[in-house]
Structures are given as structure tokens and as C-alpha cells.
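# Understanding the architecture of this molecule
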Amino acid sequence: KRRAGTKERMEDDEVHVQLRKKLEACKEEEAMAEWEGMGEEELDREIQAWRYMVECAGNRVKEQGGDDREIRGDEDNESEPGHTHVAVDELDPAEWQVPPHCIPIHANVTTYDFDALAAYTQFDAIMMDPPWQLATANPTRGVALGYFQLNDHHIMNLPVPKLQTNGFLFVWVINAKYKFTLDLFRKWGYQLVDQVVWVKMTVNRRLAKSHGYYLQHAKEVCLVGRKGDLPPGSQTNVGSDVIFSERRGQSQKPEEIYQLIEKLVPNGRYLEIFARKNNLRNYWVSLGNEVTGMGLPEEDMTSIKAGQGVANASTGRRKSS
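In this report, the structure presented in the accompanying data block is examined. Predicted model, so just to flag it, every value in this text is computed and none were measured. (Residues numbered from 1 in each chain as written. Predicted model: local features only at pLDDT ≥ 70, side-chain atom pairs only at ≥ 80, totals over all residues. Heavy atoms only, no water.)

## Focus: the overall build of the protein chain
For the record, the criterion: The secondary structure listing takes helices from DSSP runs of H or I that are at least 4 residues long and strands from runs of E that are at least 2 residues long, numbered from the N terminus. Only the protein chains shown count as cover for residues, and the accessible areas themselves come from Shrake-Rupley with a 1.4 Å probe.
The helix and strand inventory of the protein chain stands at nine helices and eight strands. Roughly 19,200 Å² of accessible area belongs to the protein chain as shown, and the carbon and sulfur atoms make up 50% of that amount.

## Details of the pattern of salt bridges
Oppositely charged side chains are able to pair whenever their charged atoms sit close together. Test applied: For this document, the term salt bridge refers to a Lys or Arg side-chain nitrogen within 4 Å of an Asp or Glu carboxyl oxygen. Accessibility here uses a 1.4 Å probe with only protein chains present; expressed as a share of the type maximum, an area under 20% marks a residue as buried, one over 50% as exposed, and anything in between as partly exposed.
Applying the stated rule across the entire model yields ten salt bridges. Lys-179 is the partner of Asp-183 in a salt bridge, and the nearest nitrogen-oxygen pair spans 3.0 Å. With Asp-183 and Lys-179 both in helix 7 (residues 178-188), this residue pair falls four residues apart, about one helical turn. Residue classification places Asp-183 among the partly exposed positions, given a relative accessible area of 27%. Residue Lys-179 is classed as exposed on the basis of its relative accessible area, which comes to 61%. Where Arg-281 meets Glu-262, a salt bridge forms, and the shortest distance between an N and an O atom there is 2.8 Å. Here Glu-262 lies in helix 8 (residues 255-264) and Arg-281 lies in the loop between strand 7 (270-273) and strand 8 (284-288), a separation of 19 residues in the sequence.

## Some words on the environment of Pro-232
By the secondary structure assignment, Pro-232 is in the loop between strand 5 (219-227) and strand 6 (242-246). With relative accessibility at 71%, the residue Pro-232 sits in the exposed group. A sequence separation of 66 residues divides Pro-232 from Asn-166, and the C-alpha atoms of the two residues are 9.1 Å apart.

## Describing helix 7
What counts here: The reported arc concerns the directions from the helix axis to the C-beta atoms and nothing else. Residue contacts are defined here by distance: any two heavy atoms, one from each residue, within 4.5 Å place the two residues in contact.
Within helix 7, the full set of buried residues consists of Phe-180, Thr-181, Leu-184, Phe-185 and Trp-188. Looking straight down helix 7, one finds its buried side chains confined to an arc of 145°; they lie on one side. Across from the buried face of helix 7, at angles greater than 90 degrees, the exposed residues are Lys-179 and Arg-186. The inward-facing, buried residues of helix 7 abut strand 2 (125-128), helix 6 (152-156), strand 3 (167-173), strand 4 (191-201) and strand 5. Backbone geometry just downstream of helix 7 places Gly-189 in the positive-phi region, at approximately 90°.

## So, the sheet that holds strand 4
Under the convention used in this document: For two strands to pair, DSSP has to find at least two bridges joining them. Convention adopted: a line fitted to C-alpha atoms gives each axis, helices being fitted over their contacting stretch, and angles between N-to-C directions are expressed from 0 to 180 degrees.
With respect to topology, eight strands assemble into an open sheet ordered 1-8-7-2-3-5-4-6, the strand pairing being mixed. A strand with exactly one partner marks an edge of an open sheet, and here the two such strands are strand 1 (103-106) and strand 6. The sheet shows a mean angle of 20° between the axes of neighbouring strands, taken without regard to direction. Taken strand by strand, helix 7 contacts strand 2, strand 3, strand 4 and strand 5, and its axis lies near 15° from that of strand 5.

## Focus on a nonpolar patch on the surface
The line we're drawing: Two joining distances apply to patches: 9 Å for like charges and 5 Å for nonpolar side chains (Val, Leu, Ile, Met, Phe, Trp, Tyr), and every residue must have over 30% relative accessible area and no salt bridge.
A cluster of nonpolar residues, Tyr-213, Tyr-214 and Leu-215, forms a patch on the protein surface that exposes about 480 Å² of accessible area. Looking at where Tyr-213 falls in the secondary structure, it is placed in the loop between strand 4 and strand 5. Residue Tyr-213 is classed as exposed on the basis of its relative accessible area, which comes to 59%.

## Notes on the pairing of strand 5
The buried fraction of strand 5 amounts to seven of the nine residues, a majority that puts the element mostly inside the structure. In terms of strand pairing, strand 3 meets strand 5 through seven bridges, oriented antiparallel. Bridging across to strand 5, Val-171 finds its partner in Leu-223. Pairing analysis gives eight bridges linking strand 4 to strand 5, with the strands arranged antiparallel. Note that in strand 5 the partner of Trp-198 across the bridge is Glu-220.

## Comments concerning the nonpolar core
This is how it is decided: Each nonpolar core is a collection of buried residues, namely Ala, Val, Leu, Ile, Met, Phe, Trp, Tyr and Cys, held together in the definition by side-chain atoms within 4.5 Å.
Core analysis: the biggest nonpolar cluster contains 33 residues, and Met-128, Val-160, Leu-163, Leu-169 and Ile-273 have the highest contact counts within it. Those elements giving two or more residues to this core turn out to be helix 5 (114-120), strand 2, strand 3, helix 7, strand 4, strand 5, strand 7 and strand 8. When sequence neighbours within four positions are dropped, the list of residues in contact with Val-160 reads Ile-126, Met-128, Leu-169, Trp-188, Tyr-190 and Ile-273. Within the second largest apolar cluster, 18 residues are counted, among which are Met-127, Phe-170, Val-196 and Ile-243.

## Observations regarding the side chain of Asn-279
Position of Asn-279 relative to the elements: it lies in the loop between strand 7 and strand 8. When near neighbours in sequence (up to four residues on either side) are disregarded, Asn-279 contacts Ser-251, Gln-252, Lys-253, Tyr-258 and Glu-272.

## Let's talk about the packing of aromatic side chains
Short version of the rule: Note on ring pairs: Phe, Tyr and Trp rings are taken, using the six-membered ring of Trp, and paired if centres are within 6.5 Å. Classes follow the plane angle, with under 30 degrees stacked, over 60 edge-to-face and the rest tilted. By definition, being over a ring means that NZ of Lys or CZ of Arg is both within 6 Å of the ring centre and within 35 degrees of the ring normal.
Tallied over the full model, the rule gives seven aromatic pairs. A centroid spacing of 5.8 Å and a plane angle of 90° characterise the contact between Trp-132 and Phe-180, whose relative ring orientation is edge-to-face. In this pair, Trp-132 is assigned in the loop between strand 2 and helix 6 and Phe-180 in helix 7, connecting sequence segments 48 residues apart. The buried category is assigned to Phe-180, whose relative accessible area is 13%. With centroids separated by 6.2 Å and ring planes inclined at 45°, the aromatic side chains of Phe-185 and Tyr-190 adopt a geometry described as tilted. Note on Phe-185: relative accessible area 1%, which makes it buried. Accessibility expressed as a relative area gives 5% for Tyr-190, which makes it buried. Ring-pair connections join several aromatic residues into one group, and the members of that group are Tyr-258, Tyr-270 and Trp-284. Above the face of the Trp-198 ring, Lys-200 is positioned so that its terminal group lies 5.1 Å from the ring centre.

See below:
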């Protein structure tokens with residue numbers, strides 16, 4: 001046992017040295033160029049190698065009484081008690097657990113009975129990250145989309161005004177949809193009152209740049225609209241309109257946006273439309289066709305089996321290999 005323990009410690013030390021050498025030699029531009037030239041399988045192996053080295057190094061730091069956040073580059077974020085930031089897509093769906101005070105609604109947003117929900121309650125804050133349909137000839141520039149897209153018509157027809165008498169609407173937009181979203185606000189009866197910019201960071205606090213048509217993109221924008229009066233208990237002049245936060249999974253928004261909304265309307269009634277499993281949060285109603293991580297809703301699966309596809313969905317679903 002002693003020999004086995006010594007061997008394991010030597011292997012951990014070697015991994016720790018390898019990680020330190022890689023980190024010291026790593027330049028973002030060179031790494032990006034190297035990764036972009038890799039095939040999918042080769043890139044997966046590279047990611048797994050990094051994860052293994054970080055895990056081993058973190059274990060060694062813990063053994064020495066340190067904090068493994070020094071290795072991971074984590075900040076002291078206001079995480080909910082009992083929750084750990086992990087790559088949700090790596091979880092086995094059978095092990096996936098919905099936060100105890102979250103209400104997930106597994107449904108196709110375009111066919112869901114919003115009238116019943118509106119009759120039951122009105123929401124103080126609504127957030128949505130629409131799966132915008134990209135219209136260019138090469139919309140993703142090599143980036144695989146893991147979700148269906150909706151055209152502007154179906155997004156505009158969502159009965160959002162029924163869900164709110166007084167309150168805030170947060171809509172994540174892409175560059176091509178600014179004007180459409182402003183028109184959407186007017187049609188739905190909202191006044192543009194603010195915007196939130198999420199600056200995406202890497203684990204070492206550099207800009208997490210991604211593909212763009214003219215410029216590389218390192219941010220996302222969320223437009224804020226208000227309808228009617230302020231919800232009861234609202235607090236103004238809170239938080240910041242700029243969020244510096246690490247980039248996470250596809251379509252996963254930073255935890256800080258939820259914290260900001262909850263500070264703006266404390267103890268409010270919150271709804272997220274187009275929610276996914278990696279966005280579920282306590283005290284929110286989360287509506288979407290991917291909130292469980294175990295496939296599409298029954299009505300969508302029935303439609304697919306009948307050869308009709310997902311109701312109202314456009315292109316963009318990742319192809320099966």
C-alpha cells in the first residue's frame with residue numbers, strides 16, 4: 001500500500017509539473033489556432049487531458065491545505081448554498097436533479113398553453129433567450145448549434161404580454177435582431193429602459209472571444225424593457241449593467257444575471273422562457289423543451305416520429321453522427 005501510495009503521489013506530482021509547464025507556455029492566440037485545427041475527437045482528447053491535469057493538481061493543493069480555486073481560477077461568486085458549478089452537459093440525465101425550489105415546465109414554447117399560466121399568476125420579471133433563426137449563408141461559421149431555431153414570426157406571436165401586468169422583460173439579443181427586438185417591445189407594450197452587457201471571460205480572466213462576421217465577439221447583450229408600473233418591492237439603482245463572468249455551456253447565461261434580477265425585484269415571481277437544464281434556478285419557473293436534459297417533450301417526440309419535425313422549429317439542430 002505504501003509503494004502504491006508513493007507511486008500515485010509521484011504520478012500526481014508529474015501531472016502537476018506538466019500542468020504548470022503548459023500554463024506557463026500557453027498563449028491564447030497560439031492555443032486558439034491549435035484547437036481550431038483539431039478534429040472533433042482530437043479536441044475532445046485535449047479537453048479531457050486538461051481536465052485530468054487540473055483535477056490532479058487541485059487534489060494536490062487540497063492535500064497541502066490550500067484552496068483548489070487557485071488552480072481553477074474561480075472567484076468568490078454568490079453561489080446558492082449546496083450548489084457547485086459543473087459542466088452540466090457532462091452529467092448523466094439519470095443523475096440530473098432540479099433545484100428543490102425551481103418549477104420546470106417541459107414543453108414546446110410555441111404550443112404551450114400560456115393562457116392557463118397567465119390565469120394562475122402574473123410575473124414580476126421575465127427573461128428569455130430566444131433561439132434566433134440565423135439568416136446568413138453560413139450563419140454559424142463552423143460552430144455547431146445544439147438547438148432548434150425559431151423565426152421572427154413565431155417569437156413575435158408568443159403571448160408574453162398576457163403574463164405580465166407590471167414588470168420587467170429581459171431579452172438576450174444578437175446583433176442582427178436589435179431592431180426586431182425593439183419593435184417587439186413596442187408591439188408587446190414595453191418601454192426600453194436599460195441593457196445589460198455580459199463580457200465573457202476565460203478561466204484566467206482574459207476575453208473569451210468567439211466567431212463574428214466582422215469582429216470577434218466577446219460579449220452578449222440583454223435588453224431590458226418595462227411594462228406598466230414597478231412591481232411591488234422593486235429596488236432601483238442596483239447592481240451593474242456590465243457583467244464580467246466566465247463563459248459556460250452553450251446558451252448558458254451567467255448566474256449574475258439572475259442575481260441582478262432578484263436584487264431588482266426581491267422576492268418576486270420570476271419566469272424564464274426558452275430555459276434549458278443548465279439554467280434552472282431556485283424560485284424561478286423555467287419553461288422550455290430542454291429543461292430536463294432527457295430529451296424533447298412528448299408532443300415534440302410524437303411529431304418527429306410522425307415525420308413532421310418539431311412544431312414551428314426551423315433549422316439549426318445539431319446533426320446526428
